[in-house]
Every structure is written in C-alpha cells, then in structure tokens.
Amino acid sequence: MIFRQLFDHESSTYTYLLADRKGGEALLIDPVLEQTDKYVRLVEELGLRLVMAVDTHIHADHVTALGALRDHTGCATAMGEQTKADCVSLRLRDGERVRIDDLALEVLYTPGHTDDSYSLLLPDRVFTGDTLLIRGTGRTDFQNGDPAAQYDSLFGRLLRLPDDTFVYPAHDYNGMTVSTIGEEKAHNPRLQVRGKQEYVELMNGLVLSSPRLMDVAVPANRACGRKSA
Ligand SMILES: [Fe+2]
C-alpha cells in the first residue's frame, strides 16, 4: 500500500493519500484547497491516478479541495449521504466499501461532530475525521453537532475496533500524527467518562470560540470549495 500523511499548517489539517500499488488508483481524504498543487504533483510523482477525493464531513476551518481536484483530474468527489454539499458525485453510506484497486475502505457513519461525519476503515487503521482526535474529540456545538450521537459513534463503534487499530484524525494541534484505539481508550481525557450523560455534560460545558474561517469555509464547502454556493 502507498500511504502519505500530508499536513496543512494553516488549519492543522491532515490529508491522507492512499493507493494500493504504484501506477494504480489513488484516493485523497480531506484535501485542503490551498494544497491542491502539492497533491496533484505528488500523485504524478508517485505514478498514480487520482480517482476519488472524499471529505469526512463539511469542514468549518478550511476550504476543501474537492472541487479543485475534480477540475484538475476528473476524480470523483464523495461525502456522506447526509451532506448538504450538492456538488459531490458520490454519496457514501454506512456499511458500503470504497474500492481503490484492491484496497477496500469500509464506510462508517460516525455522527456527532456534525450530522454528516464519517470515518473510513482499513483493516489496520481508521481515518476518524473530527469524530475521534488524538487525546480529544471533535467539538459538537455547531453544524448540527450532537454530543449524545458522538458518544454513540465513539463508544458504540470506533472504540470497539481492535486496540491496535491505528487512528488517523483529520486534525492535530499538538504535533501528534497517529495514535491507536487502545491508546485513546486509555489516555484520551474525553473518553474517561462513566456514561453518555457525563460525556454530554463534558461537551456542553466546553467554551470554544468559532473557527476563524467558519463563515467562509462552510458555504464554500457546500460547493466543494468552489466560489459560488
Ligand atoms: Fe470539522
């Protein structure tokens, strides 16, 4: 497998490039508009062909490169079926598999951070978007966020994966790049709760400022990062 973890400093976003083999198909997860040229160059350098770009949810902190990548490469653009982005060519559903040559990513609906939040699972790793972060979880106070739904996504789904499953989130603000399910279960402070009620109270008690780019990013991302919404 070809795997690259790419970082956008401005928004602390991780973008993942995945391919099964050299010369084959490639997938990008959570690409950032300003980094489009870098992705296109890297895909070329690795001898790959970009067939799909997927966002784990509508981001509020950066503008997506889905539309730009579609225009550059003709790739498919995908988000979960709940998305309000009507520009995507594919709407993913819980339980289906996204295939890139012989790689099959299982689509997991993991709402809570937003109502259109998904995770993507390979046998040894999971891309958790903003549902599960390293030593944190995605905020639930806007974009139809719901701490109770997030509790179910975390405790009912993601934390039931094998402990040695690698966790690759959409962001990290502390310089961490990867974790595992077991490590997060043991050391993620948001997960040390006795039940749903306590988690909901914890999340509702957070005082957070709005993302700097929210008013720009959310409407732009509903149009796959292209100007007109
Ligand atoms: Fe987010």
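First things first, this report covers the structure right here in the doc. (Residues numbered from 1 in each chain as written. Predicted model: local features only at pLDDT ≥ 70, side-chain atom pairs only at ≥ 80, totals over all residues. Heavy atoms only, no water.)

## Overview of the side chain of Thr 131
What counts here: Secondary structure counts use DSSP, requiring at least four H or I residues in a row for a helix and at least two E residues in a row for a strand, with both numbered from the N terminus. Think of it in three bands: with a 1.4 Å probe and only protein chains considered, a residue is buried below 20% of the maximum accessible area for its type, exposed above 50%, and partly exposed in between. The term polar contact refers here to a pair of N or O atoms within 3.5 Å; inside protein, the definition further demands a hydrogen-donor-capable atom paired with an acceptor-capable atom, and it admits residues adjacent in sequence only when both atoms are side-chain atoms. Should any heavy atoms of two residues lie within 4.5 Å, those residues are counted as being in contact.
One can find Thr 131 in the loop between strand E10 (125–129) and strand E11 (132–133). The class for Thr 131 is buried, based on a relative accessible area of 0%. A distance of 3.2 Å separates a polar atom in the side chain of Thr 131 from the backbone oxygen of Thr 110. Other than its neighbours up to four places away in sequence, Thr 131 contacts Thr 110, Ser 117, Ser 119, Thr 137, Gly 138, Gln 150, Ser 153, Leu 154 and Leu 158.

## Overview of the packing of helix H3 (residues 147–156) against helix H5 (residues 196–204)
What counts here: To obtain an axis, a line is fitted to C-alpha atoms, over the contacting stretch when the element is a helix, and the angle between two such axes runs from 0 to 180 degrees between their N-to-C directions. For classification purposes, angles smaller than 35 degrees are called roughly parallel, those larger than 145 roughly antiparallel, those between 65 and 115 roughly perpendicular, and all remaining angles oblique. Each crossing is labelled by how the near helix is turned from the far one, with a counterclockwise turn of less than a right angle marking it left-handed and a clockwise turn marking it right-handed. By the convention adopted, Pro, Cys, Tyr, Trp, Phe, Met, Ile, Leu, Val and Ala count as nonpolar, Lys, Arg, Asp and Glu as charged, and the other residues, Gly among them, as polar.
Where H3 meets H5, the closest approach of the two axes is 9 Å, and the angle between their N-to-C directions is 125 degrees. One way to sum up the angle between H3 and H5 is to call them oblique. Here the hand of the crossing between H3 and H5 comes out right-handed. Note on element contacts: H5 touches H3 through Lys 196, Tyr 199, Val 200, Met 203 and Asn 204, opposite Pro 147, Ala 148, Gln 150, Tyr 151, Asp 152 and Leu 154. Its residues assigned to classes, the contact of H3 with H5 shows seven nonpolar, two polar and two charged.

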